[in-house]
Amino acid sequence: MQAAFTICSGMCAYSVEASGIEHDVSGLSIEANTLKALVTDLMQESAQISLQLAGANGYRLDHIAGRSVVDSRPFQIFEGSNEMLYSQIAEGVLKLMRKAKETNLYEFLKGYSNANLSAPYFQNQLNFSLETGLNQRDMVTLGRMIARVISFQFVLQINGFNSELVEITRQHILMDLTMFQGQFASRNIANPLVEYNDNSDWMSFLS
């Protein structure tokens, strides 16, 4: 939850600096999707943690934990589902990578204006090449990874922010990226079955 607070603080600081009628934000779709998708995921995750810590009291109608779980969920869906936004983040980065004739994710991000400070912290997790024709599942995973790297950049750009919170956030993002890297490397190509009536009723296997 403290990592989520820190990331949200970085996002707020970036938004204040980058937004406004005097700024041209038309080319910041990757950053916009990052802000919306990740912060709403963190809202839901933090609400779930809070509810678990509250125990049975969290289910009272007037308790903030239970209300937070209910109230934060729609934000993951409104203005485009987060899975779709993560996929768009990946598509946007891949498009820029093709334009730059770069296939290695880390090499590209360390030169990207909103990831050049944060990418070196996660070199081992980002140092792999991307191929064309990624399936939707892999695109979403890739978008989740990129969103975290960009968000940590926002944190690093707040000069003087609590260093212990920044370190907690770095470790949390490192853990997430390591998990997503494993998911991405697994190359899961499983697709849902339309018809699976044959040999799919567990009761028919009882003696």
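Everything numeric in this text was worked out from a predicted model, so none of it was measured.

Enquirer: I keep staring at unusual backbone geometry and nothing clicks. Help me out?
Expert: Most peptide bonds take the trans configuration, and most residues that are not glycine carry a negative phi. The phi angle at Lys101 is positive, at roughly 55°, despite the residue not being glycine. With respect to the helices and strands, the residue Lys101 is situated in the loop between helix H4 (82–100) and helix H5 (105–109). A positive phi angle, near 50°, is found at Arg187, a position not held by glycine. By the element assignment, Arg187 lies in the segment after helix H8 (163–186). Judged by its relative accessible area of 31%, Arg187 falls in the partly exposed class.

Enquirer: Which parts of the structure should I look at to understand the packing of aromatic side chains?
Expert: Centre-to-centre distance and the angle between the planes together describe a pair of aromatic rings. This model, assessed by the stated rule, comprises seven aromatic pairs. On the numbers, 5.6 Å between centres and 65° between planes, the contact of Phe122 with Phe152 is edge-to-face. Placement of Phe122 in the loop between H5 and helix H6 (123–126) and of Phe152 in helix H7 (residues 136–156) is noted, with a sequence separation of 30 residues between them. There is no split in this pair, since Phe122 and Phe152 are both buried. Connected via pairs of aromatic rings, a cluster forms that spans Tyr121, Phe122 and Phe152.

Enquirer: Explain the pattern of salt bridges here, please?
Expert: Any two side chains of opposite charge can pair, so long as their charged atoms come close to each other. Applying the stated rule across the entire model yields seven salt bridges. Note that Asp71 and Arg67 form a salt bridge whose closest N and O atoms lie 3.2 Å from each other. Of the two residues, Asp71 and Arg67 both sit in helix H3 (residues 64–72), four residues apart, roughly one turn of that helix. Under the relative-accessibility criterion, Arg67 is labelled partly exposed at 37%.

Reading the values: the criteria
- Residues numbered from 1 in each chain as written.
- Predicted model: local features only at pLDDT ≥ 70, side-chain atom pairs only at ≥ 80, totals over all residues.
- Heavy atoms only, no water.
- Helix = DSSP H or I, 4+ residues; strand = E, 2+ residues; numbered from the N terminus.
- Buried < 20%, exposed > 50% of the residue type's maximum accessible area, 1.4 Å probe, protein only.
- Phe/Tyr/Trp six-rings, centres within 6.5 Å; stacked < 30°, edge-to-face > 60°.
- Salt bridge = Lys/Arg side-chain N within 4 Å of Asp/Glu carboxyl O.

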